[in-house]
Amino acid sequence: MLHIVLVEPEIPQNTGNIARTCAAIGARLHIVNPTPFEISDKTVKRAGLDYWQHLDLEMHDDLAAFLGKYGGEQLFFVETGTDVLYSDVQFPEHPFLLFGKETLGLPKSLLTGDKGTTITIPILPHIRSLNLSNAVAVVAYEVVRQRGLLT
């Protein structure tokens, strides 16, 4: 199973779009709090349309709680500014793809050390980053392609 992990997402519509993508590909969505919105927020629900009943959702109180439960798994940190392209990685059977908040990305403390592998999606240098829901879709579908999850 593919695991999509949103660490402190800030924009409800992005979270709703990502939930819809996860439902479409059978990925588990992990949301790491705090977030400035509730999952029941109408903007989250609207973006996810009527696919919420198909979503495998797991909530975590904070990053420490998530890492306490899943820190031993194969974690991939999707960030800007690394030399390891997402498309060059051979993903394992049950990868965890971690994405940070829209304004700041993942916590720097998470990216240091040997907790996981930092990967990136190539973009032009004058562009700061992709929209979070687009970044999730790009990397998630690469995992789907590699693992043959929808064939």
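Above this text is the structure in question.
Just so we're clear, the structure is a prediction, and the values are computed from it rather than from any experiment.

Before going further, it helps to examine a nonpolar patch on the surface. A cluster of nonpolar side chains, contributed by Ile123, Leu124, Ile127, Leu130 and Val138, occupies part of the molecular surface with about 380 Å² of accessible area. Within the secondary structure layout, Leu124 lies in the loop between strand S6 (117-119) and helix H5 (132-147).

Another aspect to go through is unusual backbone geometry. A cis amide bond links Asn33 with the next residue in sequence, Pro34, at an omega value of 10°. One can find Pro34 in the loop between strand S2 (28-32) and helix H2 (42-48). In this model, Glu8 sits at a positive phi of 55°, which is unusual for a non-glycine residue. Relative to the elements of secondary structure, Glu8 occurs in the loop between strand S1 (3-7) and helix H1 (12-25). You can call Glu8 partly exposed: its relative accessible area is 22%.

Our next topic: the sheet that holds strand S3 (residues 56-60). Strand order in the open sheet made by the 6 strands is S3-S2-S1-S5-S4-S6, with parallel pairing throughout. Looking at strand neighbours, the two that pair on one side only are S3 and S6, the edges of this open sheet. Between one strand axis and the next, the sheet turns by 25° as a mean value, whatever way the strands run. Two strands pair when backbone bridges link them, and strand S4 (residues 75-78) and S6 are joined in this way by 3 bridges, in the parallel orientation. Bridging across to S6, Phe76 finds its partner in Thr117. Seen against the sheet, H5 touches S1, S4, strand S5 (96-99) and S6 and runs at an angle of roughly 165° to S5.

On to H1. A rise of 1.5 Å per residue sets the reference length of H1, with its 14 residues, at 20 Å; its end C-alpha atoms lie 20 Å apart and thus fit the reference within 8%. Every buried residue of H1 is accounted for by Pro12, Asn14, Thr15, Gly16, Ile18, Ala19, Thr21, Cys22, Ala23 and Ile25. Phi turns positive one or two residues past the end of H1, at Gly26, with a value near 75°.

Attention shifts here to the side chain of Thr35. Relative to the helices and strands, Thr35 is located in the loop between S2 and H2. For Thr35, the side chain forms a polar contact with the main-chain oxygen of Phe37, separated by 2.8 Å. In this structure, Thr35 is in contact with Glu8 and Pro9, ignoring residues within four places of it in sequence.

This paragraph deals with the nonpolar core. One finds Ile4, Leu29, Leu97, Phe99 and Val139 to be the most contacted residues of the largest nonpolar core, which totals 30 residues. Elements with a contribution of two residues or more to this core: S1, H1, S2, S4, S5 and H5. With 7 residues, the single largest contributor to this core is H5. The contacts of Phe99, once residues within four sequence positions are left out, are Ile4, Val5, Leu6, Val7, Val78, Leu106, Leu132, Ala135, Val136 and Val139. If you look at the next biggest cluster of nonpolar residues, it comprises 12 residues, including Val7, Leu63, Leu98 and Leu106.

So, about the pairing of S4. Here S4 shows two buried faces, one formed by Leu75 and Phe77 and the other by Phe76 and Val78. Of the pairings in the sheet, the one linking S4 to S5 comprises 4 bridges and is parallel in character. Counted as the bridge partner of Phe76 is Leu97 from S5.

What follows deals with the pattern of salt bridges. What the rule picks out here adds up to 5 salt bridges. Of the charged contacts in the structure, one is a salt bridge between Arg28 and Asp56, with a shortest N-O distance of 2.9 Å. Separated by 28 residues along the polypeptide, Arg28 in strand S2 and Asp56 in strand S3 bring together distant segments of the chain. Here Arg28 and Glu58 are joined by a salt bridge, their closest N and O atoms 3.9 Å apart. One end of the pair, Arg28, is in strand S2; the other, Glu58, is in strand S3, with 30 residues separating them in the sequence. Under the relative-accessibility criterion, Arg28 is labelled partly exposed at 21%. Members of the salt-bridge network, linked through shared partners, are Arg28, Asp56, Glu58 and Lys69.

Rules used in this analysis
- Residues numbered from 1 in each chain as written.
- Predicted model: local features only at pLDDT ≥ 70, side-chain atom pairs only at ≥ 80, totals over all residues.
- Heavy atoms only, no water.
- Patch = residues over 30% accessible without salt bridge, like charges linked within 9 Å, V, L, I, M, F, W, Y side chains within 5 Å.
- Areas by Shrake-Rupley, 256 points an atom, 1.4 Å probe, with all protein chains shown as cover.
- Salt bridge = Lys/Arg side-chain N within 4 Å of Asp/Glu carboxyl O.
- Helix = DSSP H or I, 4+ residues; strand = E, 2+ residues; numbered from the N terminus.
- Buried < 20%, exposed > 50% of the residue type's maximum accessible area, 1.4 Å probe, protein only.
- Pairing = 2+ DSSP bridges.
- Axes fitted to C-alpha atoms, helices over the stretch in contact; angles between N-to-C directions.
- Contact = heavy atoms within 4.5 Å.
- Expected span 1.5 Å × (residues − 1).
- Polar contact = N/O pair within 3.5 Å; in protein donor to acceptor, adjacent residues only side chain to side chain.
- Core = buried A, V, L, I, M, F, W, Y, C linked by side-chain atoms within 4.5 Å.

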